[in-house]
Amino acid sequence: QRRTNKLTERPIIGVSATAVSVNLPRSFSPDSTSGTLTFYRPADLHKDFVVTFRLDSTNSQLVPTTQLQKGLWRLKVRWKQYQQDFYHEEAIIIR
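Owing to the predicted nature of the structure, the values given are computational and were not obtained by experimental measurement.

Colleague: Could you give an account of the packing of aromatic side chains, with specific residues and numbers?
Modeller: This structure, assessed with the given rule, holds six aromatic pairs. Summarising the aromatic geometry, the rings of Phe39 and Phe49 are spaced 4.8 Å apart at their centres and angled 10° between planes, so their arrangement reads as stacked. Residue Phe39 is located in strand E3 (residues 33-40), and its partner Phe49 is located in strand E4 (residues 49-53); the two are separated by ten residues in the primary sequence. With respect to class, Phe39 is no different from Phe49; both count as buried. Both rings, one in Phe39 and one in Trp73, keep their centres 6.4 Å apart while their planes meet at 80°; by these two values the pair is edge-to-face. Linking Phe39 in strand E3 with Trp73 in strand E6 (residues 71-81), this pair joins segments that are 34 residues apart in sequence. By the ring-pair criterion, three or more aromatic residues cluster together here, those being Phe28, Trp79 and Phe86. If you follow Lys76 out to its NZ or CZ, it ends over the ring of Tyr40, 4.8 Å from the centre.

Colleague: Help me get a handle on unusual backbone geometry, residues and values and all.
Modeller: With a phi angle near 65°, Asn59 is a residue other than glycine that sits in the positive phi range. Relative to the assigned elements, Asn59 resides in the loop between E4 and strand E5 (60-64). Among the residues examined, Asn59 registers a relative accessible area of 5% and is labelled buried. Positive phi values are uncommon outside glycine, yet Tyr82 reaches one of about 50°. Relative to the helices and strands, Tyr82 is located in the loop between E6 and strand E7 (84-94).

Analysis parameters
- Residues numbered from 1 in each chain as written.
- Predicted model: local features only at pLDDT ≥ 70, side-chain atom pairs only at ≥ 80, totals over all residues.
- Heavy atoms only, no water.
- Phe/Tyr/Trp six-rings, centres within 6.5 Å; stacked < 30°, edge-to-face > 60°.
- Helix = DSSP H or I, 4+ residues; strand = E, 2+ residues; numbered from the N terminus.
- Buried < 20%, exposed > 50% of the residue type's maximum accessible area, 1.4 Å probe, protein only.
- Lys NZ or Arg CZ within 6 Å of the ring centre and 35° of its normal.

Here it is, written out as structure tokens:
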């Protein structure tokens, strides 16, 4: 997480009625970036799931909220570019 904290731009997590969006800084190329999104449900560990990170041309990925129960989740974003690992974690609330 220290490497992520040194970035001039950090990942942006957004939540709408239809999707959770994850936007990486423009300095990360979709062609050379890979990783995972882990959705951790503190209230029910059986609801946790992992999505492979696939950035589109705008450096973002959408995950439909239909997969998520309402309430608190922790989103753990892990990605790699050029053999460097990055990590960002954020609490999100699905309404």
